[in-house]
Amino acid sequence: GTNADLMAAVAPLYLRGSVLDVTYGNGDTAGGWWRRFTPEPFTFHDLALDGVDFRCLPEASASVDTVCFDPPYVLSGGPSTSNLSGGEFQNRFGLGLQNGMAGWDGLLALVTDGLTEACRVGHGYVLVKCMEFVQDKFRDLPTAVIVHAASLGWHLHDRIVHHTGTGPGGHNIFTVKRA
């Protein structure tokens with residue numbers, strides 16, 4: 001199913017009390033997280049909507065029951081694999097050479113800075129959507145997220161794998177090179 005189907009399915013498990021989505025984007029449309037279910041009370045931020053950077057949230061520490069964090073997690077996307085072109089995608093999230101945050105190191109810094117802030121604001125659960133990908137080599141962002149959260153005193157409670165499409169790796173992998 002879609003991201004909206006997945007969120008509706010996990011909502012009874014984790015979305016109790018106040019919920020904050022720090023990367024809302026178009027969360028209510030086109031398969032976004034909140035198209036089928038919206039928690040109550042619900043607050044959201046998105047740099048493009050309200051100017052709030054998920055690395056510097058205005059909420060007080062430990063003030064939200066569940067924080068939802070869907071950072072960028074694929075650098076190699078371009079016009080054929082994303083609604084945003086590669087440059088526009090990178091600029092929206094502050095990535096790219098002009099910001100000194102290019103490549104894997106830039107993405108990892110962006111995600112861990114955002115996760116640090118999500119963990120500061122949350123006091124119940126922090127739901128993070130991310131995935132492994134290959135860009136010049138295998139990049140295991142979920143493990144990096146788990147390790148960073150552990151360094152902040154958080155622990156992995158659950159791991160949900162959302163598989164879409166057919167075949168190994170999903171619908172847009174035409175030549176399988178890794179399991």
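Presented here is a report on the structure given in the accompanying data block.

What counts and how
- Residues numbered from 1 in each chain as written.
- Predicted model: local features only at pLDDT ≥ 70, side-chain atom pairs only at ≥ 80, totals over all residues.
- Heavy atoms only, no water.
- Helix = DSSP H or I, 4+ residues; strand = E, 2+ residues; numbered from the N terminus.
- Buried < 20%, exposed > 50% of the residue type's maximum accessible area, 1.4 Å probe, protein only.
- Contact = heavy atoms within 4.5 Å.
- Areas by Shrake-Rupley, 256 points an atom, 1.4 Å probe, with all protein chains shown as cover.
- Axes fitted to C-alpha atoms, helices over the stretch in contact; angles between N-to-C directions.
- Parallel < 35°, antiparallel > 145°, perpendicular 65-115°, else oblique.
- Left-handed = near helix turned anticlockwise from the far one by under 90°.
- Nonpolar A, V, L, I, M, F, W, Y, C, P; charged D, E, K, R; others polar.
- Phe/Tyr/Trp six-rings, centres within 6.5 Å; stacked < 30°, edge-to-face > 60°.

Digging into the overall build of the protein
Turning to step 1, where the next piece is worked out: In terms of helices and strands, the protein carries 5 helices and 6 strands.
Turning to step 2, where the next piece is worked out: Buried residues in the protein amount to 38% of all 179 residues.
Turning to step 3, where the next piece is worked out: Pairs at least 24 residues apart make up 66% of the contacts formed inside the protein by residues separated by at least 6 positions.
Turning to step 4, where the next piece is worked out: Accessible surface, the protein as shown: approximately 9900 Å² in total, 55% of it carbon and sulfur.

Some remarks on the packing of helix H4 (residues 103–121) against helix H5 (residues 141–151)
Turning to step 1, where the next piece is worked out: The interhelical angle for the contact between H4 and H5, taken along N-to-C directions, is 40 degrees, at an axis separation of 10 Å. Regarding the angle of H4 to H5, the classification is oblique. Once H4 is placed against H5, the crossing between them reads as right-handed. Contacts between H4 and H5 pair Trp104, Leu108, Val111, Thr112, Leu115 and Thr116 from the former with Leu141, Ala144, Val145, His148 and Ala149 from the latter.
Turning to step 2, where the next piece is worked out: Class assignment of the residues belonging to the contact of H4 with H5 gives a composition of 8 nonpolar, 3 polar and no charged.

Quick notes on the packing of aromatic side chains
Within a pair of aromatic rings, the relevant descriptors are the distance that separates the centres and the angle that separates the planes.
Turning to step 1, where the next piece is worked out: With the rule as written, the count across this model stands at 7 aromatic pairs.
Turning to step 2, where the next piece is worked out: Relative to Phe42, the ring of Tyr24 has its centre 6.2 Å away and its plane inclined at 55 degrees; by these criteria the two rings are tilted. With Tyr24 in the loop between strand S1 (19–21) and strand S2 (42–44) and Phe42 in strand S2, this residue pair connects regions lying 18 residues apart in the sequence. In this structure, Tyr24 and Phe42 share a single accessibility class: buried.
Turning to step 3, where the next piece is worked out: On the numbers, 6.0 Å between centres and 35 degrees between planes, the contact of Phe42 with Phe44 is tilted.
Turning to step 4, where the next piece is worked out: A network of ring pairs unites the aromatic residues Tyr24, Trp33, Trp34, Phe42 and Phe44 as a single cluster.

Worth remembering: the numbers are spatial, not functional.
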